[in-house]
Amino acid sequence: MAEVRFGKAINLALADALEQDPAVFLFGEDIADVGGPFGATRGLKDRFGDRVRDTPISEASMANAAVGAALSGLKPVLEIMFMDFMTLTMDALVNQAAKVRYMFGGQASVPMVVRTPHGGGISAGPQHSQCLEAWFAHVPGLKVICPSNPADAYGLLRAAIADPDPVVFVENKALYAMKGELAEGAGPESIGKARTVRAGRDATVVAYGAAVHTAERAAGQLAEQGLEVEVLDLRSIQPWDEAAVMESLARTHRLLIVHEAVEAFGVGAEIAARIGEIGFDELDAPIMRIASPFVPVPFAPSLEKAYQPDAEAVIAAVRKLCA
Amino acid sequence: MAEVRFGKAINLALADALEQDPAVFLFGEDIADVGGPFGATRGLKDRFGDRVRDTPISEASMANAAVGAALSGLKPVLEIMFMDFMTLTMDALVNQAAKVRYMFGGQASVPMVVRTPHGGGISAGPQHSQCLEAWFAHVPGLKVICPSNPADAYGLLRAAIADPDPVVFVENKALYAMKGELAEGAGPESIGKARTVRAGRDATVVAYGAAVHTAERAAGQLAEQGLEVEVLDLRSIQPWDEAAVMESLARTHRLLIVHEAVEAFGVGAEIAARIGEIGFDELDAPIMRIASPFVPVPFAPSLEKAYQPDAEAVIAAVRKLCA
Amino acid sequence: MTTRKTAELLELYERMYLIRQVELRLGRLFADGEVPGFIHLSIGQEAIATGVASVLRADDSVASTHRGHGHALAKGVDVERFFLELMAKEEGMCKGRGGSMHVADLSIGMLGANAIVGASIPIALGSALAHQVRGTDALAVAFFGDGAMAEGTLHESLNMAALWQLPLVFVCENNGWAEFSPTSRQFVASLDKLAGAFGIPYARADGRDVQAVAKASERAVAAVRAGKGPRVLEFTTHRFRGHYEGDPQKYRDADELSGLGEHDPLSLLEPRLAKAGVADAQLQSLHEAVDARVDAAVERARKGSAPDFEAGRADVYTQTGAA
Amino acid sequence: MTTRKTAELLELYERMYLIRQVELRLGRLFADGEVPGFIHLSIGQEAIATGVASVLRADDSVASTHRGHGHALAKGVDVERFFLELMAKEEGMCKGRGGSMHVADLSIGMLGANAIVGASIPIALGSALAHQVRGTDALAVAFFGDGAMAEGTLHESLNMAALWQLPLVFVCENNGWAEFSPTSRQFVASLDKLAGAFGIPYARADGRDVQAVAKASERAVAAVRAGKGPRVLEFTTHRFRGHYEGDPQKYRDADELSGLGEHDPLSLLEPRLAKAGVADAQLQSLHEAVDARVDAAVERARKGSAPDFEAGRADVYTQTGAA
Ligand SMILES: Cc1ncc(C[n+]2csc(CCOP(=O)(O)OP(=O)(O)O)c2C)c(N)n1
Ligand SMILES: Cc1ncc(C[n+]2csc(CCOP(=O)(O)OP(=O)(O)O)c2C)c(N)n1
Ligand SMILES: [Mg+2]
Ligand SMILES: [Mg+2]
């Protein structure tokens with residue numbers, strides 16, 4: 001066991017993948033010489049040479065190049081500097097990477113990963129803070145992962161790279177500096193399994209990424225008020241662990257979903273819709289969501305604070321659920 | 001009153017908008033000289049000259065050019081030939097058009113429309129059939145419209161062009177040939193209002209675009225079996241008419257959502273999640289969805305038929321809801 | 001002319017004749033409703049696919065366009081499985097899920113036709129990157145049309161290919177048309193100068209003349225394989241048919257249409273074959289053999305089975321043993 | 001030198017000095033935590049914004065980049081509202097919602113800084129289109145960095161501007177760096193040849209010399225305004241600071257950093273001012289006046305109020321009287 005930061009866990013996962021599989025190839029803007037804007041790829045070029053490359057500012061073609069590379073024997077891992085720039089890669093991910101396997105009759109898989117940071121909290125403004133994971137979760141053929149801690153960042157990134165299918169791997173910016181335990185000799189985790197962060201019987205709170213910590217903070221405060229909340233970290237958004245959510249709901253009969261992405265048409269909508277259908281008889285209260293309002297992410301810290309879903313909002317929602 | 005086809009209604013709306021407002025400007029691939037691949041812009045170049053232009057195959061820049069043009073006094077209407085190609089325009093729509101008004105402090109609106117056809121049924125294959133409207137509905141600042149008949153195609157397109165904000169106007173390919181009444185002197189409809197297509201007391205079916213007709217067919221057959229289904233045509237997806245859905249639900253206590261887009265993380269998820277929350281006490285059964293499975297749109301007609309949600313599926317779902 | 005040269009010439013002719021017959025047959029099958037969807041024929045352009053592919057190895061990769069039948073057949077896809085695909089059968093090369101715009105055979109480096117204009121270029125770029133990183137001397141070919149030059153992916157890929165000295169041959173099939181518009185009204189740069197701006201050697205040849213194509217390709221391929229970085233080839237050619245089958249081509253004047261025969265790459269080769277001592281009878285029997293092969297393939301394809309939607313769902317993601 | 005010329009020279013100097021002082025002050029405010037988020041200073045590059053804007057009219061439009069303070073100030077944005085914005089205040093030009101990367105003032109054609117590399121180009125293209133369609137003789141300017149040349153939008157926009165003969169001036173600020181990488185390791189084409197490939201007249205000038213910039217811009221602007229189609233200008237310049245404030249710049253060698261002073265556009269102008277008869281005292285009082293203006297603006301900005309999130313929600317969409 002060692003304590004590592006989230007960013008370092010990403011770095012270790014990349015290093016171990018590069019070490020173990022000569023097909024792994026890293027590319028992205030400023031990831032090689034300077035190790036990436038968030039330092040996630042620091043030192044990798046020194047160790048792995050030309051298998052770690054800086055690219056020009058050409059996201060659209062880089063992403064399609066990842067598809068072509070994956071079809072010709074590499075396992076490319078592309079970094080897109082901010083999730084907002086994924087807007088430039090949608091053809092590659094949606095029309096190409098996601099479709100190839102099915103549309104070519106199962107001939108080929110597309111083992112590629114796109115790593116990209118989402119989320120606000122650093123006053124980066126409307127074009128550098130978006131959480132767009134719901135888009136990718138809507139596309140058959142893609143997998144979408146969003147870890148909440150260093151151990152998962154490591155294990156799930158290893159899994160994403162080893163996975164034969166295209167994975168969008170979302171890293172919440174606010175987590176890069178977070179410290180956590182990482183087991184010696186850790187390997188890939190399995191994709192699609194939620195984790196119970198905290199057990200409780202009064203309500204289930206499902207979250208992913210940085211929102212897991214918001215949920216945990218809220219749960220801590222609610223416990224002092226006598227409400228025991230079960231917190232589930234989804235970890236994988238596509239596929240997502242319906243069974244785990246149902247299992248928890250069967251005990252708590254109340255469900256709240258929390259995420260940083262915009263609420264309307266966001267990830268929580270699918271979870272609420274699906275559980276609302278298959279879990280209808282278990283529900284003692286309406287499924288609620290706490291997520292960002294229908295507003296672009298503002299720049300001013302005061303605005304961004306008002307914008308982001310926080311523990312208070314989660315507490316209020318749980319209290320309402322349990323009222 | 002005159003009977004016109006859906007495609008002709010689009011054509012008339014564009015012509016009337018061009019006629020009435022010199023700021024309206026049309027551009028897109030092959031829309032001018034030959035009148036568009038689906039004929040929606042036929043004859044407009046002859047009438048309006050250089051205000052209707054063919055463009056090179058450069059969707060990304062065309063869409064951002066629409067933003068710039070809208071900021072400098074035009075009301076651009078851009079055609080993107082297939083919704084699958086909207087993947088190339090995401091920066092323009094999401095980072096630019098959607099954000100400008102809020103992020104510039106309300107200084108400026110971005111009065112632009114992107115018209116694009118979605119949907120399957122013509123064996124166009126995985127890259128020419130997608131329904132991606134949920135993406136746009138998730139983005140604060142955008143409006144999303146999807147008409148189901150010629151009168152709405154006319155009225156809502158007029159409204160979209162007159163609207164000060166950016167609108168994604170989605171036309172289901174399978175509807176272009178559909179005939180319907182268009183009132184003489186029709187003008188813009190208001191955006192965001194659902195329409196009751198058929199009244200009923202046993203269950204509410206909410207749909208948009210071509211799925212409205214699937215729902216109607218199902219309702220007709222269900223009526224013969226003694227079940228009276230109320231069919232609501234959403235018409236606008238962002239904003240969507242929550243009040244109308246709630247009003248109907250308050251009478252039927254059962255809700256089914258039908259659309260052609262993929263079910264998972266699709267438009268129906270938001271409606272189900274939202275109504276599941278605010279309409280919880282009205283529900284006598286779980287909210288259900290009938291939509292496309294989590295599979296790319298296949299080419300073979302037999303596969304595509306199995307893929308697309310049909311009236312039988314709607315009937316089965318309603319029967320289950322009302323069981 | 002030596003016997004070897006004659007044999008080579010005959011082989012080129014045979015390949016072109018095969019493509020021609022396959023596409024003529026497709027045209028009829030399409031008109032008869034036996035080929036669903038829409039198809040883009042490369043009739044008149046066979047010399048390019050054939051000439052380029054004649055100098056490729058099996059491990060070289062090819063990324064193609066919406067007009068990709070010729071590329072696929074030249075690269076060596078199975079004719080039966082090709083017809084099975086276009087006729088939407090389970091035994092098709094893509095199990096009937098892709099159709100005309102997605103014919104692919106990864107086992108021989110045919111990375112697929114592609115329904116997104118401009119996407120073939122960065123996909124081939126990525127494939128070239130894989131060849132480079134894996135240290136083989138294989139190379140990649142990006143086919144694209146003249147209309148595709150307006151997409152930013154060309155520019156981004158020219159840059160990356162030059163920067164990384166990738167083993168990539170850019171092949172522009174310049175037929176003067178982009179759908180229903182002359183490309184001269186869409187794109188103003190010459191590819192020559194564009195390639196020059198990126199320092200990539202460029203060559204042009206008569207795309208009607210398979211020997212000229214093969215010669216230019218041979219030079220380019222030799223240089224690329226020798227590690228000298230990318231090359232750009234442009235072949236002028238003529239699209240004999242409409243943009244898609246069924247296109248009434250009102251936008252093309254009668255003179256152009258009636259004069260197309262002059263540009264037939266097959267007719268061009270016939271006097272050379274005669275000069276090389278190939279007897280009419282020999283050609284006749286070649287024709288008969290190919291015709292019989294095409295007939296047999298179509299017969300076989302007609303007997304193919306309808307694909308099973310439910311079974312196909314397993315191919316959206318790779319099925320791994322592990323959870 | 002005539003008095004008019006001297007006055008012009010002084011005006012250019014004053015504008016550059018203002019930009020410099022504003023940005024130096026921003027650097028300190030940022031270090032002190034009074035400016036949140038991240039900022040990209042254009043110190044060393046002031047001559048370009050100043051020289052270009054000096055030949056523009058109020059109705060000409062400008063689309064800018066992430067390094068856009070200079071462009072905004074040169075185009076004439078209010079200095080107080082500028083500081084208010086960067087200091088995240090309600091009275092800011094964007095009400096604190098955009099910050100450094102989104103400064104905009106539509107009333108004077110400043111279409112905004114932009115956090116998406118490459119987006120300024122097609123946005124300016126669209127603005128130019130609006131000028132053309134509306135029949136004015138206004139023109140648009142697209143500022144972009146050397147790193148942005150790798151984005152496909154440049155190529156797409158060069159083509160469309162040439163094709164449609166739009167009143168657009170492309171202005172490349174070539175500072176040799178794209179974030180932490182020399183652009184020479186990212187982009188291989190010269191803009192000269194690239195523009196040439198599209199038949200667009202190109203000129204280069206020393207971006208340190210505001211008079212050289214103004215002269216080149218004047219020529220280009222005159223041609224564009226006269227309806228002669230687009231022009232490309234490239235100005236070589238030096239980025240004095242890090243990519244963003246706080247950037248440790250380990251990737252830049254000490255010699256380069258220490259030699260930057262030589263390239264100071266302000267120092268370059270001082271001997272010319274002296275030669276034109278501007279006394280030291282006059283310069284001194286100019287400095288004092290500008291300094292005082294900046295001080296006052298900062299003081300005012302400090303007194304600005306925190307923006308109100310709830311009130312801002314009304315700006316996501318335009319509030320119209322109608323429903
Ligand atoms: C991204 C994208 N935009 C538009 C289209 C529609 N489209 C299909 S083919 C075509 C013209 C292509 O012209 P060219 O590249 O010259 O190829 P050709 O058809 O002449 O072989 C267009 C615009 C598309 N398939 N993909
Ligand atoms: C689409 C996109 N990709 C990447 C970035 C991150 N980024 C910001 S500035 C920059 C470098 C830009 O270099 P250049 O265009 O030369 O401008 P300079 O910073 O030198 O003024 C990059 C890669 C971005 N903002 N947008
Ligand atoms: Mg062509
Ligand atoms: Mg630069």
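Residues numbered from 1 in each chain as written. Chains lettered and ligands numbered in written order. Predicted model: local features only at pLDDT ≥ 70, side-chain atom pairs only at ≥ 80, totals over all residues. Heavy atoms only, no water.

This brings us to the coordination of the magnesium ion (ligand 4). Residues and elements named next belong to chain D. Every protein donor of the magnesium ion (ligand 4) is accounted for by Asp 146 (OD), Asn 175 (OD1) and Trp 177 (O), and the metal-donor separations fall at 2.0 to 2.1 Å. Along the chain, the residues donating to the magnesium ion (ligand 4) fall in the pattern D-x28-N-x1-W. One exposure class covers both Asn 175 and Trp 177, and it is buried. (Donors = N, O, S within 2.8 Å, 3.2 Å for Na, K, Ca; no water. Buried < 20%, exposed > 50% of the residue type's maximum accessible area, 1.4 Å probe, protein only.)

Here we take up the interface of chain C and chain D. Counting from both sides, the interface comprises 22 residues of chain C and, opposite them, 22 residues of chain D. Contact between chain C and chain D buries roughly 1,600 Å² in total, counting both sides, with carbon and sulfur atoms accounting for 63%. Area buried by chain C at its contact with chain D is led by C:His155, C:Val188 and C:Ala197, which between them contribute 34% of it. Our count for the contact surface shared by chain C and chain D stands at zero salt bridges. Where the side of chain C that touches chain D is concerned, the elements lending two or more residues are α6 (152-163) and α7 (191-197) of chain C. Ranked by residues supplied to the side of chain C that touches chain D, first place goes to α6(C) with seven residues. Of the residues contributing to the side of chain C that touches chain D, the split by class is 11 nonpolar, seven polar and four charged. (Contact = heavy atoms within 4.5 Å. Buried area = accessible area lost by both parts, 1.4 Å probe. Salt bridge = Lys/Arg side-chain N within 4 Å of Asp/Glu carboxyl O. Helix = DSSP H or I, 4+ residues; strand = E, 2+ residues; numbered from the N terminus. Nonpolar A, V, L, I, M, F, W, Y, C, P; charged D, E, K, R; others polar.)

Let us now look at the sheet that holds strand β6 (residues 202-206) of chain D. All names here are of chain D. A sheet is described by the order of its strands in space; here five strands give the open sequence β1-β2-β3-β7-β6, paired in parallel fashion. Sheet topology places β1 (61-63) and β6 at the edges, where each strand pairs with a single neighbour. Across this sheet, the average inter-strand angle for adjacent strands is 20 degrees, counted without regard to direction. In this structure, strand β2 (residues 140-145) lies alongside strand β3 (residues 168-174), joined through six bridges in parallel fashion. Each bridged residue has a counterpart across the sheet, and for Val 141 the counterpart in β3 is Val 169. Along the sheet, helix α6 (residues 152-163) contacts β2, β3 and β7 (231-236); its crossing angle with β3, the most-contacted strand, is approximately 150 degrees. (Pairing = 2+ DSSP bridges. Axes fitted to C-alpha atoms, helices over the stretch in contact; angles between N-to-C directions.)

To continue, consider the environment of B:Gly36. Residue and element names in this part refer to chain B. The topology assignment puts Gly 36 in the loop between β2 (24-28) and α2 (44-48). Since its relative accessible area comes to 7%, Gly 36 is described here as buried. Sequence spacing of Gly 36 and Glu 79 is 43 residues, and the spatial spacing of their C-alpha atoms is 8.7 Å. With residues near it in sequence (within four places) discarded, Gly 36 still touches Asp 30, Ile 31, Thr 41 and Glu 79.

Moving on, we come to the UniProt feature "domain: Dehydrogenase E1 component" (unreviewed entry) in chain C. Mapped onto the present numbering, the UniProt feature "domain: Dehydrogenase E1 component" (unreviewed entry) falls on residues 14-305 of chain C. The span residues 14-305 of chain C shows a helical share of 45% and a strand share of 11%, and its end C-alpha atoms are spaced 30 Å apart. (UniProt positions renumbered as here; feature names shortened; annotations may be inferred.)

The transform that puts chain B on chain A rotates by 180 degrees and translates by 0.0 Å along the axis, for an RMSD of 0.0 Å. Classification of the inter-copy transformation places it as that of a two-fold axis. Interface overlap between copies: 100% of the residues of chain B at the interface are likewise at the interface in chain A, consistent with a symmetric, same-surface contact. (Least-squares fit on C-alpha atoms with pLDDT ≥ 70 in both.)

Below, the discussion takes up the sheet that holds strand β7 (residues 167-172) of chain B. Residue and element names in this part refer to chain B. Across the sheet, seven strands lie side by side as β3-β2-β4-β5-β7-β6-β12; this open sheet has mixed pairing. Pairing within the sheet leaves two strands with one partner each, and these edge strands are β3 (52-54) and β12 (236-238). Each neighbouring strand pair of the sheet contributes to a mean axis angle of 20 degrees, computed without reference to strand direction. In terms of strand pairing, strand β4 (residues 75-79) meets strand β5 (residues 113-118) through three bridges, oriented parallel. For Leu 78, the partnering residue across the bridge sits in β5 and is Val 114. This element, helix α1 (residues 6-20), spans β2, β3, β4, β5 and β7 of the sheet and lies at about 135 degrees to β2.

Here we take up the relation of the copies chain C and chain D. Overlay of chain C on chain D (RMSD 0.0 Å): rotation 180 degrees, translation along the axis 0.0 Å. Looking at chain C, 100% of its interface residues are interface residues in chain D too, so the copies touch through the same face.

As a further point, take the site of ligand 1. Neighbouring ligand 1 are 22 residues, the closest being B:Glu59, C:His66, C:Arg67, C:Asp146 and C:Gly147. One nitrogen or oxygen atom from the side chain of B:Glu59 is found 2.5 Å from a nitrogen atom belonging to ligand 1. Between an oxygen atom of ligand 1 and a main-chain N or O atom of C:Gly147, the distance comes to 2.7 Å. Considering ligand 1 on its own, with 570 Å² of exposed area, one finds that the protein chains cover 97% of that surface. (Near = heavy atom within 4 Å. Polar contact = N/O pair within 3.5 Å; in protein donor to acceptor, adjacent residues only side chain to side chain. Areas by Shrake-Rupley, 256 points an atom, 1.4 Å probe, with all protein chains shown as cover.)

On to the pattern of salt bridges. All told, the structure shown has 77 salt bridges over all chains when counted by the stated rule. Close ionic contact of A:Arg53 with A:Asp50 constitutes a salt bridge, the shortest N to O distance being 3.6 Å. Accessibility expressed as a relative area gives 8% for A:Arg53, which makes it buried. Given the relative accessible area of 52%, A:Asp50 is considered exposed. A salt bridge links B:Arg47 to B:Glu19, with the nearest nitrogen and oxygen atoms 2.7 Å apart. Of this pair, B:Arg47 sits in helix α2 while B:Glu19 sits in helix α1, and the two are 28 residues apart along the sequence.

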